[in-house]
Amino acid sequence: MIPVSIFTLLWLPMAMALLVVLGLGAWYTRDGRVRARRKRASNIYRCAVCRRVYVETRDLPLARCPHCSCMNEVVKRG
Ligand SMILES: [Zn+2]
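Q: How should I be thinking about the overall build of the protein chain in this particular structure?
A: Broken down by element type, the protein chain carries one helix and four strands. Along the protein chain, helices (α) and strands (β) appear in the sequence α-β-β-β-β when read from the amino end. Relative to a compact globule of 78 residues, whose C-alpha radius of gyration would be 12 Å, the protein chain shows 26 Å and is clearly more extended. Viewed in the frame of its principal axes, the protein chain has a C-alpha envelope of about 80 × 20 × 15 Å. For the protein chain, restricting intrachain contacts to residue pairs at least 6 apart in sequence, the fraction spanning at least 24 positions comes to 26%. Within the structure as shown, the protein chain displays about 6,800 Å² of accessible surface, and the carbon and sulfur contribution to it stands at 64%. For the protein chain, the distance from the average position of its 14 positive side-chain charges to the average position of its 4 negative side-chain charges is 5 Å.

Q: Looking at this structure, I do not really get the coordination of the zinc ion. What am I missing?
A: Around a metal, the idealised angle for a tetrahedral arrangement of four donor atoms is 109.5 degrees; for an octahedral arrangement of six donor atoms it is 90 or 180 degrees. Those donors, Cys47 (SG), Cys50 (SG), Cys65 (SG) and Cys68 (SG), are the protein atoms that reach the zinc ion, and they lie 2.2 to 2.3 Å from it. Given four donor atoms and angles of 100 to 122° at the metal, the environment of the zinc ion is assigned as tetrahedral. Along the chain, the residues donating to the zinc ion are arranged with the sequence spacing C-x2-C-x14-C-x2-C. Residue Cys47 is located in the loop between β1 (43-46) and β2 (53-56), and its partner Cys65 is located in the loop between β3 (62-64) and β4 (71-76); the two are separated by 18 residues in the primary sequence. According to the relative accessible area criterion, Cys65 is buried, its value standing at 3%.

Q: How should the packing of aromatic side chains be read in this particular structure?
A: The relative placement of two aromatic rings is captured by the distance of their centres and the angle of their planes. Using the criterion set out here, one finds three aromatic pairs in the structure. Judged by centre distance (5.0 Å) and plane angle (65°), the ring pair of Trp27 and Tyr28 falls under edge-to-face. Judged by centre distance (5.6 Å) and plane angle (15°), the ring pair of Tyr45 and Tyr54 falls under stacked.

Q: When you look at the pairing of β4 in this model, what are you seeing that I'm missing?
A: Consecutive side chains along a regular strand alternate between the two faces of the sheet. In terms of strand pairing, β1 meets β4 through two bridges, oriented antiparallel. Directly across from Tyr45, in β4, lies its bridge partner Val74. Bridge count for β3 against β4 is three bridges, and the pairing is antiparallel. Looking at the pairing, Leu62 lines up with Glu73 of β4. Hairpin connection between β3 and β4: a loop of six residues separates the two successive antiparallel strands, and Ser69 in this loop has a positive phi of roughly 70°.

Rules of the game
- Residues numbered from 1 in each chain as written.
- Predicted model: local features only at pLDDT ≥ 70, side-chain atom pairs only at ≥ 80, totals over all residues.
- Heavy atoms only, no water.
- Helix = DSSP H or I, 4+ residues; strand = E, 2+ residues; numbered from the N terminus.
- Rg over C-alpha atoms; globule rule 2.2 N^0.38 Å.
- Contact = heavy atoms within 4.5 Å.
- Areas by Shrake-Rupley, 256 points an atom, 1.4 Å probe, with all protein chains shown as cover.
- Lys, Arg positive; Asp, Glu negative; His and termini not counted.
- Charge placed at Lys NZ, Arg CZ, Asp CG, Glu CD.
- Donors = N, O, S within 2.8 Å, 3.2 Å for Na, K, Ca; no water.
- Tetrahedral: all angles 85-135°; square planar, octahedral: opposite > 155°, others 65-115°.
- Buried < 20%, exposed > 50% of the residue type's maximum accessible area, 1.4 Å probe, protein only.
- Phe/Tyr/Trp six-rings, centres within 6.5 Å; stacked < 30°, edge-to-face > 60°.
- Pairing = 2+ DSSP bridges.

Below, the structure is given as structure tokens:
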């Protein structure tokens, strides 16, 4: 039989559980930041000619409508 102290029996599982919780917290925080960055990067445009609404992920002052190729200004910055 392997000699194990009471300290090891109590604190080792708690320390491992704490590490798992901290790791999951860091992972969720990082995942939320990535989603926020992706969401911020897209701008919404409305075409003045065909009235279609489209999204451009690049930060451009004017974006070409994918339907009629008209250049339009941003309606809402993401
Ligand atoms: Zn258009």
